[in-house]
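Descriptive analysis of the structure
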Number of protein chains: 2
Amino acid sequence: MTPYFTEDASVETVNARMGKNISPRLAEVMACLVKHLHAFAKEVHLTQEEWDYGIDFLTKTGQICSGERQEFILLSDTLGFSMLVDAINNRRPAGATENTVFGPFHVDGAPELPMGSNISLDGKGESCLFEGAVIDLHGNPIRGARVDVWSDNADGFYDVQQPGIQPKWNNRGIFVTGADGRYSFVGIKPVCYPIPDDGPVGKMLGHLGRHPYRPAHMHYLVTAPGYEKLVTHTFVGDDAYIDSDAVFGVKKTLVAPFEKLKDAATAWHSPFDFVLTPV
Amino acid sequence: MTPYFTEDASVETVNARMGKNISPRLAEVMACLVKHLHAFAKEVHLTQEEWDYGIDFLTKTGQICSGERQEFILLSDTLGFSMLVDAINNRRPAGATENTVFGPFHVDGAPELPMGSNISLDGKGESCLFEGAVIDLHGNPIRGARVDVWSDNADGFYDVQQPGIQPKWNNRGIFVTGADGRYSFVGIKPVCYPIPDDGPVGKMLGHLGRHPYRPAHMHYLVTAPGYEKLVTHTFVGDDAYIDSDAVFGVKKTLVAPFEKLKDAATAWHSPFDFVLTPV
């Protein structure tokens, strides 16, 4: 093969340049990336002006990133790429609870609380009882499972987005199951909120005719010895954005019941069982 | 189709989200990009750790960009993507001189000089007479063609990389053809040089077992009324890196003769004709 560039053999020419003593996995990933990048440009006949625009977009996306903001993750999320990587790496047998994206708002070290505790510390929102069991694929309860939960408050912000405004650990807590595998806590019925849309990714969504909202959801990180880590949400089915999550996090099996309670101290009830897969 | 995410229908789910009243071209380009990005992740079974690495790499690539440095262009260049976009947009009939990448070192407003002028102002390097004709596809001379040329100096730097060290307009000039279509100037036999390799792209090249060098070349921007703009280089065929240009700029037809002259005031002679395509 000629080492010189031709349009037809562009992929082979670039990939033939890799050295012999490099990581085989790196070689595999890069060869595939080059193949698909070139196929994209060829298929759409990418113009020089579109290439200029793309370079500028990527540069701005990198430059708005900071310790508090990760615009490339947002880009990955809004193109469904984060969900795809999550799905590829968390294939589970039928019946097991499905994964979804972790998101940027988990905080390590939330307080471990007694079952039934109220995690909503700011008094805002409609109260909701979340309860269910952590079980295995055969329906047996799992003892000692840590159910780490977090959600936004009734204004659509996580506590870490409003330090000094929301109480620390507002709408967060960890519940450890006993022999019956059951968990329960009181929080609020979560509300929808927009992802940060004042940067390049927000502009992209605008050009694509898409909104930046995530439908209301409660986050869960469920771990237990001998079982795969489960990172998931439960979603509020009647949310206006349930069919159009800006980051594609919704899976059909994760839309949970939210039942309105009458004449009860708690306004809503959301039962959901988590089915873990053995490692 | 369900609006909810599934691994199998990931592309369709993401692309179905686009609004109806958006630019048809944007919709086409983005749908194709999403298709190939997802195909890449699926084909290599991209791990979460590799995704993390990629996000970090893109972020660092954006953050090293400045007014003087464009690392995303360097990334595009080193993956052969810049050459591919150039090739797609500059397909020419057989016999016409081929395009190659423009590069970041052209400067508008170089002095227009009499034929035969010496553009090497720092006295360094081996002198070389560049000459030839600007002709059409039938071999007829083109009058009034502007031949804008630039190269590095004998130390491997363009004048704009060393302000205050190199004379202004060192190794740059514009030559306008007369009725015979011919051009000639004296410069130096160019030398190879590395692209900036102290950033993320340089690290990438290292991991891929690749060097950062470009083989020696003279840049040309040739324009004439009624003809397509030609952006190209001529390459020094005996360069150590002629078969491994870090940015894949070499095309077989652009490797020019460089003949050593004996007993002449000028050490080298490089004849090359530029064949333009009508618009």
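Residues numbered from 1 in each chain as written. Chains lettered and ligands numbered in written order. Predicted model: local features only at pLDDT ≥ 70, side-chain atom pairs only at ≥ 80, totals over all residues. Heavy atoms only, no water.

1. Some thoughts on the packing of helix H3 (residues 48-63) of chain A against helix H4 (residues 71-78) of chain A
Residues and elements named next belong to chain A. In contact at an axis separation of 7 Å, H3 and H4 are set at 125 degrees when each is read in the N-to-C sense. The orientation of H3 with respect to H4, classified from their angle, is oblique. In contact with Phe57, Leu58, Thr61 and Gly62 of H3, H4 contributes Glu71, Phe72 and Leu75. In the contact of H3 with H4, the residues fall into four nonpolar, two polar and one charged. (Axes fitted to C-alpha atoms, helices over the stretch in contact; angles between N-to-C directions. Helix = DSSP H or I, 4+ residues; strand = E, 2+ residues; numbered from the N terminus. Parallel < 35°, antiparallel > 145°, perpendicular 65-115°, else oblique. Contact = heavy atoms within 4.5 Å. Nonpolar A, V, L, I, M, F, W, Y, C, P; charged D, E, K, R; others polar.)

2. Notes on the domain arrangement of chain A
Frequently, the measure chosen for interface size is the accessible area removed from exposure when the parts meet. For chain A, the assigned domains read domain 1 (13-46) and domain 2 (77-275). Centre-to-centre separation of domain 1 of chain A and domain 2 of chain A, based on C-alpha positions: 38 Å. (Domains from an automatic or database assignment.)

3. So, helix H2 (residues 24-44) of chain A
Quick reminder: α-helices carry 3.6 residues per turn. Residues three or four places apart thus point the same way. Residue and element names in this part refer to chain A. In this model H2 runs 31 Å from its N-terminal to its C-terminal C-alpha over 21 residues, within 8% of the 30 Å that 1.5 Å per residue would give. Within the span of H2, buried status applies to Val29, Met30, Cys32, Val34, His36, His38, Phe40, Ala41 and Val44. Where H2 terminates, the next one or two residues include His45, which has phi positive at roughly 50 degrees. (Expected span 1.5 Å × (residues − 1). Buried < 20%, exposed > 50% of the residue type's maximum accessible area, 1.4 Å probe, protein only.)

4. So, empty space enclosed by the protein
Applying the stated criterion to the full structure yields four cavities of 30 Å³ or more. If you trace the largest cavity, you find it lined by Leu33(A), His36(A), Leu37(A), Phe40(A), Leu33(B), His36(B), Leu37(B) and Phe40(B). Elements with a contribution of two residues or more to the lining of the largest cavity: H2 of chain A together with helix H2 (24-44) of chain B. Considered class by class, the residues forming the lining of the largest cavity number six nonpolar, two polar and no charged. (1 Å grid on protein atoms, 1.4 Å probe; cavity = no way out; pocket = protein on both sides within 12 Å on 5 of 7 lines; lining within 4 Å. Points joined across faces, edges and corners; volume = space filled by probe spheres on them.)

5. Topic: the relation of the copies chain A and chain B
In screw terms, the move from chain A to chain B is a rotation of 180 degrees and a rise of 0.0 Å along the axis, fitting with an RMSD of 0.0 Å. Both copies of the chain, as the preceding transformation shows, are related through a two-fold rotation axis. Of every C-alpha in chain A, the one belonging to Gly62(A) sits nearest the axis of rotation, 2.0 Å from it. In this assembly, 100% of the residues forming the interface of chain A have copies in chain B that are likewise at the interface, indicating an isologous arrangement. (Least-squares fit on C-alpha atoms with pLDDT ≥ 70 in both.)

6. Some details on the interface of chain A and chain B
Contacts between chain A and chain B engage 73 residues on the former and 73 residues on the latter. Around 6900 Å² of area is buried between chain A and chain B when both sides are counted, 67% of it from carbon and sulfur atoms. Broken down residue by residue, the surface that chain A buries against chain B is led by Tyr4(A), Phe5(A) and Arg17(A), which jointly contribute 11%. At the surface where chain A touches chain B, the tally comes to six salt bridges. Residues Glu50(B) and Arg25(A) are paired through a salt bridge, measuring 2.7 Å at the closest nitrogen-oxygen approach. (Buried area = accessible area lost by both parts, 1.4 Å probe. Salt bridge = Lys/Arg side-chain N within 4 Å of Asp/Glu carboxyl O.)

7. Quick look at the state of the cysteines
Under the criterion given, the structure shown has zero disulfides over all chains. Looking at the unpaired Cys32(B), the closest cysteine sulfur is the one in Cys32(A), lying at 15 Å. Free cysteine: Cys192(B), not disulfide-bonded; nearest cysteine sulfur from Cys128(B) at 16 Å. You can call Cys192(B) partly exposed: its relative accessible area is 27%. (Disulfide = S-S within 2.5 Å.)

8. Focus: the packing of aromatic side chains
Where two aromatic rings form a pair, the distance of their centres and the angle of their planes describe that pair. Considering all chains together, one arrives at 27 aromatic pairs over all chains under this definition. Plain terms: the ring middles of Phe105(B) and Tyr158(B) are 4.3 Å apart, the flat faces sit at 20 degrees to each other, and that makes the pair stacked. With a gap of 53 residues between them, Phe105(B) in the loop between helix H5 (81-88) and strand E1 (127-135) and Tyr158(B) in the loop between strand E2 (146-150) and strand E3 (172-176) connect regions that are remote in the sequence. One aromatic cluster is present, built from ring pairs that chain together Phe130(A), Phe175(A), Tyr183(A), Phe185(A), Tyr220(A), Phe258(A), Phe272(A) and Phe274(A). One residue, Lys189(A), lies across the ring of Trp268(A), its end atom 3.8 Å from the ring centre. (Phe/Tyr/Trp six-rings, centres within 6.5 Å; stacked < 30°, edge-to-face > 60°. Lys NZ or Arg CZ within 6 Å of the ring centre and 35° of its normal.)

9. Here's the deal with the environment of Phe72(A)
Tracing the chain through its elements places Phe72(A) in helix H4. Each C-alpha atom, one on Phe72(A) and one on Cys192(A), is 22 Å from the other, the two residues being 120 residues apart in sequence. Residues in contact with Phe72(A), not counting those within four places in the same chain, are Leu58(A), Thr61(A), Gly62(A), Cys65(A), Ile55(B), Leu58(B), Thr59(B) and Phe72(B).

10. Some remarks on helix H5 (residues 81-88) of chain A
With eight of its eight residues buried, H5(A) lies for the most part within the structure. Within H5(A), the full set of buried residues consists of Phe81(A), Ser82(A), Met83(A), Leu84(A), Val85(A), Asp86(A), Ala87(A) and Ile88(A). Looking at the buried side of H5(A), the elements it contacts are H4 of chain A together with helix H1 (10-15), H2 and helix H3 (48-63) of chain B.

11. Brief notes about the pattern of salt bridges
Scanning the entire structure with this criterion turns up 26 salt bridges over all chains. For Glu43(B), the salt bridge goes to Lys35(A), with nearest N and O atoms at 2.7 Å. In this pair, Glu43(B) sits in helix H2 while Lys35(A) sits in helix H2, so the two residues belong to two different chains. On the basis of relative accessible area, Glu43(B) is assigned to the partly exposed category, the value being 45%. With relative accessibility at 34%, the residue Lys35(A) sits in the partly exposed group. The residue Arg92(B) makes a salt bridge to Glu228(B) at a minimum N-O spacing of 3.1 Å. Linking Arg92(B) in the loop between H5 and E1 with Glu228(B) in the loop between strand E7 (217-223) and strand E8 (230-236), this pair joins segments that are 136 residues apart in sequence. Given the relative accessible area of 18%, Arg92(B) is considered buried.

12. Topic: the sheet that holds E8(B)
All names here are of chain B. Spatial ordering of the open sheet is given by E3-E2-E7-E8-E9, a layout of five strands whose pairing is mixed. Each edge of the sheet is formed by a strand with only one pairing partner; in this case those strands are E3 and strand E9 (255-256). The sheet contact formed by E2 and E7 spans five bridges and is antiparallel. Among the inter-strand pairings, Val147 is bridged to a residue of E7, identified as Val222. (Pairing = 2+ DSSP bridges.)

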